[in-house]
Amino acid sequence: MTTSWIETQLTEYLLERFGEAVQPDSRPGYLGFLVARNKLLEVCRSLRDEFGFDYLSSVTGVDYHPEPFMEVVYHFYKSTGGSALVMKTQAPRDNPTVPSLCSLYPGADFQEREAWDLLGIRFEGHPDLRRILMWEGFAGHPLRKDWREPFFEEDAKPFKSRWPEGHFIRVEDNNPYKNNVSYPPDFDPGKWVPDKDELLYGGLQSFEEDSEIKTERIVVNLGPQHPSTHGVFRMVVLLEGERVVDLKPVMGYLHRNHEKIGERNTYLQNMPFTDRLDYICSMSNNFGYALAVEKLMGIQPPERAEYIRVMMAELTRFLNHMFSIGFLLNDLGAFFTPSLYAIEERELILDIFEEVAGSRMMCNYFRFGGVARDVPEQVLDKIKTLVHDRLPRKLDEFERYLTHNEILRSRCEGVGVLTPEQAIALSVAGPVLRASGVPYDVRRADPYSIYERLEFDVAYGIHGDIYDRYLVRIEEMRQSLRILRQVLKDIPNGPVMAGKPQFQVRVPPGEAYGRVEGPKGELGFYVVSNGKPNPWRYHVRAPSFINLTSLKTMAHGAKVADLVAILGSIDIVLGEVDR
Amino acid sequence: MNGLWILRGLGVTLKHFIETYIEDFRQGKKRYFTAQGIEQRRSSKTRGIFTVQYPEEKLPVPEEFRYLPFLVYEEVNGQRKLRCTACGICAKVCPPQCIWIVRSTDPETGRPVPAPSEFYIDVDVCMNCGFCAEYCPFDAIKMDHDYEIASFDRQREHVFDLQKISKPVTYYAKIRPGNYAEEQRARMMKEAAKTIA
């Protein structure tokens, strides 16, 4: 009741204070407010400072072509918990410019760059508005509805060429090599000179600082091919001696425009694609997407399905944290032996996934309104032995060897510090946010599924350094086991699917934002439906991507060797960062 | 003490090393290259190193394991009869759109016949999601367990045609006995309901 009271108050206040500039979004199925562009900063400042909406979770651009406008959708939360406040602002499609929120919420940095890159929405006042996922010099903005890829076939799946006259033809033959690229009319590929990344290098801040030794500043590229970057990821670092003065992450090497693929797909077809985002935690990805679409459809999975979902999500969390701690040690120099010991248990958990979902990593297990199939009794027994015996034992062993390990502590304590204020402002999520002393966990702050009924504590740290992130992950694994024990005890019998399984779900028009506490942080899916079989807009709030915004702040003043550990402590997966 | 933790760390490796030997002694020859040994090494009771020495040893795959789809046919009077009716649901639900179906037509009337005349699966594109098998209303397309399909020529060998993806129902019953029994039961019930009505 209190929330709704506050919300009414807020609505009244906003309407009264800003008058015409703030309008409730009255389109059917839509939530939140439409804000005039020129008042956006003012409204957001008042939201942040007077109402406590200090956490900008997600910034999404939406192209409403052929309507003549683009929309930017902001999801604000309070770092003390509660549901979202959705703000939208519209800009004409031929020249979309929107004020940047970077000055108020530095966490908007990468997300606004993404919207500029993929949709061509210009954010005025952004300090470094470059492309982020595509390369500099790419023609066009691929997420616009009128942009077409070289292998374009049709706007929406299923393609008509497949049935009933599906004579096979290779895509390559359809669009043969050397003819599969179209250049803009005034472009000559023979005369093109590759971009020298001048914007990137020129943007490095070399502000003066007091230091005893004055040395020459040099730029070092870590990556894209570097064993410690967990994939193809590049950090451009400005060094003074061994200290990091400035850092710019460069990403997108694994970019495949997941969102464009998602908008071509039908709702169900997206499910296996979400597996490929953060390929270590495919179950959590399924969970977030299923929640978003279920919100739109207005259906609720049956009780047993909810329990199974939570069970899978928590097993995934355990698995992911084991992985991330193992690879943190790898980054600290203990090359591969500890990380391989850390993922021993992963094999056993993956065996369970394989038996239940059919695949070890690309699970594709969740459906709208339930899960694909029931968990057999013998698998439940397997999970029980794991949860009651093997996993806690492993965790104890882990702690015995690591928590007081002098090497780990001397490398991690006091390194890569992020204060709570910085963490919230930078929209950091997950264990990194909690290690900074902000006990914000979506499972508690804005409960979904059955988490409200489960007993568990939100793990959080105090110092915000790498060591606290390690401790938070260990504690979260313990809490996951605690949740798993309750779930295994209480799991009811019954169906695992609401209604009949359908391959073509009917989704009423509207928008929904489904978010879960993934192992890496808040994983959100923003889905807009226009009543057709394909989503009009499908956006992923990828936690590893947004957590990278804080890398620069954490790395400032650190040594190069620590940089690798700091990156390891954020726990990124490039499949999700680059999408 | 400085360096003590390095020794403790090495101790973990040593422990694994010794435990592997203890297990080897305890189980003797059974531990390697036998189904029983593999099962023991993948159970949660296992100690020491539990590497499975592929390809000499292979982990048994669970029933629900999915790799590539295949079409199920039944032998009726020595003739192959595909269960597939070319309804196109698998082609429509396929996320990467790797299924291509040509529906048969009656040469005399020109009317569509419920059977595929051509059926292709581009296995380079297939993402092993299993939707085709899950949503097939005729239990005609199922997910295979065979994951060793590497070949030297992707141009010719990676597009599976009707010949290559048709497999007998006995094969299906062998790799997925649980699913098969379940479906047979449902089918019997349906038949029974029909005869009563």
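Within each chain, residues carry numbers counting from 1 in the order of the written sequence. Chain letters and ligand numbers both follow the written order, the letters beginning at A and the numbers at 1. The predicted nature of this model means local features are confined to residues of pLDDT at least 70 and side-chain atom pairs, given and counted, to a pLDDT of 80 or more, with totals for whole chains, interfaces and linings taken over all residues. Excluded from the side-chain calculations are hydrogens and water; all other atoms, namely the structure's heavy atoms, are used.

## Examining the overall build of chain B
(1) Moving on: In terms of helices and strands, chain B carries eight helices and seven strands.
(2) Moving on: Our radius of gyration looks at C-alpha atoms and nothing else; its globule reference is 2.2 Å times the residue count to the power 0.38. Scaling as 2.2 N^0.38, a compact globule of 197 residues should have a C-alpha radius of gyration of about 16 Å, whereas chain B reaches 24 Å, well beyond that.
(3) Moving on: Once the C-alpha set of chain B is aligned to its principal axes, its extents read approximately 90 × 45 × 30 Å.
(4) Moving on: Partly exposed residues are those whose accessible area sits between 20% and 50% of the maximum for their type, while under 20% is buried and over 50% is exposed, using a 1.4 Å probe and protein chains only. When burial is assessed residue by residue, chain B has 41% of its 197 residues classed as buried.
(5) Moving on: Partitioning the contacts of chain B with sequence separation of at least 6, the portion at a separation of at least 24 is 61%.
(6) Moving on: Working convention for charge: Lys and Arg count positive, Asp and Glu count negative, and His plus the chain ends are omitted. Where a charge sits is defined by one atom per residue type, namely NZ (Lys), CZ (Arg), CG (Asp) or CD (Glu). Placing the 29 positive and 26 negative side-chain charges of chain B at their respective mean positions leaves the two points 6 Å apart. Note on conventions: DSSP H or I runs of at least 4 residues are helices, E runs of at least 2 residues are strands, and numbering of each starts at the N terminus. A contact between two residues is defined here by any heavy atoms of the two lying within 4.5 Å.

## Section: the overall build of chain A
(1) Moving on: In terms of regular secondary structure, chain A is built from 21 helices and 17 strands.
(2) Moving on: For a compact globule of 579 residues, the expected C-alpha radius of gyration is about 25 Å, and chain A comes in at 24 Å, within 12% of that figure.
(3) Moving on: Counting only C-alpha atoms and orienting by the principal axes, one finds that chain A spans roughly 70 × 65 × 60 Å.
(4) Moving on: When each of the 579 residues of chain A is scored for burial, the buried share is 59%.
(5) Moving on: Contacts in chain A between residues at least 24 apart in sequence constitute 69% of all its contacts with a sequence separation of at least 6.
(6) Moving on: What sets the accessible areas is the Shrake-Rupley method with a 1.4 Å probe; for residues, cover comes only from the shown protein chains. When the accessible area of chain A is evaluated, it comes to approximately 22,700 Å², of which 55% is carbon and sulfur surface.
(7) Moving on: Side chains of chain A give 68 positive and 83 negative charges; the mean places of these two sets differ by 3 Å.

## A look at the sheet that holds strand β4 (residues 69-77) of chain A
All names here are of chain A.
(1) Moving on: Strands are labelled as partners when DSSP assigns at least two bridges between them. Across the sheet, five strands lie side by side as β1-β2-β5-β4-β3; this open sheet has mixed pairing. Pairing within the sheet leaves two strands with one partner each, and these edge strands are β1 (22-24) and β3 (55-63). If you compare each strand with its neighbour and ignore which way they point, the axes differ by 25 degrees on average.
(2) Moving on: Of the strands in this sheet, β1, β2 (33-35), β4 and β5 (85-92) are in contact with helix α2 (residues 40-51), which crosses β5 at around 170 degrees.
(3) Moving on: Simply put, an axis is a line fit to the C-alpha atoms, just over the touching stretch for a helix, and the angle between two N-to-C directions goes from 0 to 180 degrees. Strand contacts of helix α3 (residues 108-119): β3 and β4, with the helix running at about 5 degrees to β3, the strand carrying the most contacts.

## Side note on the pattern of salt bridges
All names here are of chain B.
(1) Moving on: Between Lys or Arg on one side and Asp or Glu on the other, a salt bridge is scored when a side-chain nitrogen of the former is within 4 Å of a carboxyl oxygen of the latter. Summed over all chains, the structure comprises 75 salt bridges over all chains.
(2) Moving on: Salt-bridge contacts for Glu-19 lead to Arg-47; the nearest nitrogen and oxygen are separated by 3.7 Å. Taken together, the residues Glu-19 in helix α1 (residues 4-27) and Arg-47 in the loop between α2 (35-42) and β1 (69-76) connect sequence positions 28 residues apart.
(3) Moving on: One salt bridge in this structure joins Asp-24 and Arg-31, with 2.9 Å as the shortest N-O distance.

## A closer look at the packing of helix α9 (residues 303-332) of chain A against helix α20 (residues 560-570) of chain A
Residues and elements named next belong to chain A.
(1) Moving on: Two elements in contact, α9 and α20, have axes separated by 8 Å at closest approach and are oriented at 175 degrees. Considered as vectors, α9 and α20 are oriented roughly antiparallel to each other. For the pair formed by α9 and α20, the contact residues are Leu-328, Asp-331 and Leu-332 on the first element and Val-564, Ala-565, Gly-568 and Ser-569 on the second.
(2) Moving on: The class makeup of the residues in the contact of α9 with α20 is four nonpolar, two polar and one charged. An angle below 35 degrees is treated as roughly parallel, one above 145 as roughly antiparallel, one from 65 to 115 as roughly perpendicular, and anything else as oblique. For this classification, the nonpolar set comprises Ala, Val, Leu, Ile, Met, Phe, Trp, Tyr, Cys and Pro, the charged set comprises Asp, Glu, Lys and Arg, and every other residue, Gly included, is treated as polar.

## Focus: unusual backbone geometry
(1) Moving on: In this model, His-65 of chain A is joined to Pro-66 of chain A through a cis peptide bond whose omega is 5 degrees.
(2) Moving on: Of note, Pro-66 of chain A is situated in the loop between β3 and β4.
(3) Moving on: Along the chain, Tyr-54 of chain B connects to Pro-55 of chain B via a cis peptide bond; the corresponding omega equals 5 degrees.
(4) Moving on: Even without being a glycine, Ser-449 of chain A presents a positive backbone phi close to 50 degrees.
(5) Moving on: Mapping Ser-449 of chain A onto the fold places it in the loop between α16 (442-445) and α17 (466-490).
(6) Moving on: Judged by its relative accessible area of 23%, Ser-449 of chain A falls in the partly exposed class.
(7) Moving on: Within the chain, Ala-86 of chain B stands out as a residue other than glycine whose phi angle is a positive 55 degrees.
(8) Moving on: Tracing the backbone through its elements, the reader meets Ala-86 of chain B in the loop between β2 (79-82) and α3 (89-93).

## Digging into the sheet that holds strand β12 (residues 243-250) of chain A
Residue and element names in this part refer to chain A.
(1) Moving on: Across the sheet, three strands lie side by side as β8-β11-β12; this open sheet has antiparallel pairing. Across the chains shown, the open sheet's two edge strands, defined by having one partner strand only, are β8 (217-222) and β12. Going from strand to strand, the sheet's axes swing by 20 degrees on average, the running direction of each strand aside.
(2) Moving on: α20 rests against β8, β11 (234-240) and β12 of the sheet, and its axis sits at about 145 degrees to β11.

## Section: the domain arrangement of chain B
(1) Moving on: As annotated, the domain borders come from an automatic or database domain assignment. Examined at the domain level, chain B breaks down into domain 1 (1-59) and domain 2 (69-196).
(2) Moving on: One C-alpha centre belongs to domain 1 of chain B, the other to domain 2 of chain B; they are set 42 Å apart.

## Some points on the interface of chain B and chain A
(1) Moving on: Tallying the contact residues gives 50 residues for chain B and 52 residues for chain A.
(2) Moving on: As used here, buried area is the combined drop in accessible area, with a 1.4 Å probe, of two parts when they are placed together. When chain B packs against chain A, close to 4,600 Å² is buried across both sides, 56% of that on carbon and sulfur atoms.
(3) Moving on: Of all residues in chain B, the largest losses of buried area upon contact with chain A belong to Trp-5, Gln-97 and Trp-100 of chain B, amounting jointly to 17% of the total for that side.
(4) Moving on: Seen at the junction of chain B and chain A, the total is four salt bridges.
(5) Moving on: A salt bridge links Arg-373 of chain A to Glu-64 of chain B; its shortest N-O distance comes to 3.3 Å.
(6) Moving on: The definition of a polar contact used here is a pair of N or O atoms within 3.5 Å, where within protein one atom must be able to donate a hydrogen and the other to accept one, and adjacent residues in sequence count solely through side-chain atom pairs. Scanning the region where chain B abuts chain A turns up 24 residue pairs in polar contact (both at pLDDT 80 or more).
(7) Moving on: Residue assignment for the side of chain B that touches chain A shows that the elements contributing at least two residues are α1, α3, β3 (99-105), β4 (112-122), α4 (131-135) and α5 (154-157) of chain B.

## A closer look at the environment of Glu-50 of chain A
Residues and elements named next belong to chain A.
(1) Moving on: For Glu-50, the location among the structural elements is in helix α2.
(2) Moving on: Exposure remark for Glu-50: the relative accessible area of 46% places this residue in the partly exposed category.
(3) Moving on: Sequence-wise, Glu-50 and Met-283 are 233 residues apart; in three dimensions their C-alpha atoms are separated by 38 Å.
(4) Moving on: When neighbours within four sequence positions are excluded, Glu-50 is seen to be in contact with Tyr-13, Arg-17 and Arg-45.

## So, a nonpolar patch on the surface
(1) Moving on: Two distance rules govern patches: like charges are joined within 9 Å, and nonpolar side chains (Val, Leu, Ile, Met, Phe, Trp, Tyr) within 5 Å, applied only to residues with over 30% relative accessible area and no salt bridge. Taken together, the side chains of Leu-14, Phe-17, Ile-18, Tyr-21, Ile-22 and Phe-25 of chain B present a nonpolar region at the surface, about 650 Å² in accessible area.
(2) Moving on: As for its placement among the helices and strands, Phe-25 of chain B is situated in helix α1.

## So, the packing of helix α8 (residues 282-297) of chain A against α9 of chain A
All names here are of chain A.
(1) Moving on: Packing of α8 against α9 leaves a shortest axis separation of 8 Å and a crossing angle of 140 degrees. With respect to their mutual orientation, α8 and α9 come out oblique. When α8 is examined against α9, the residues Met-283, Ser-284, Phe-287, Ala-290 and Glu-294 are found in contact with a partner set consisting of Arg-309, Val-310, Met-312, Ala-313 and Thr-316.
(2) Moving on: Looking at the contact of α8 with α9 residue by residue, the classes come out as six nonpolar, two polar and two charged.

## Observations concerning the packing of aromatic side chains
The description of an aromatic ring pair rests on the distance of the ring centres and on the angle between the ring planes.
Residue and element names in this part refer to chain A.
(1) Moving on: Think of it this way: a Phe, Tyr or Trp ring, Trp meaning its six-membered ring, pairs with another when their centres are within 6.5 Å, and the plane angle makes it stacked under 30 degrees, edge-to-face over 60, tilted otherwise. Counted according to the given criterion, the structure contains 28 aromatic pairs over all chains.
(2) Moving on: Considering the side-chain rings of Tyr-64 and Phe-69, the 5.5 Å spacing of their centres and the 35 degrees angle between planes classify their relative orientation as tilted. Across the pair, Phe-69 and Tyr-64 agree in class, each one buried.
(3) Moving on: Each ring, one from Trp-135 and one from Phe-138, has its centre 4.9 Å from the other, and the planes form 85 degrees; the classification is edge-to-face.
(4) Moving on: Of the residues examined, Trp-135 reaches a relative accessible area of 52% and is grouped as exposed.

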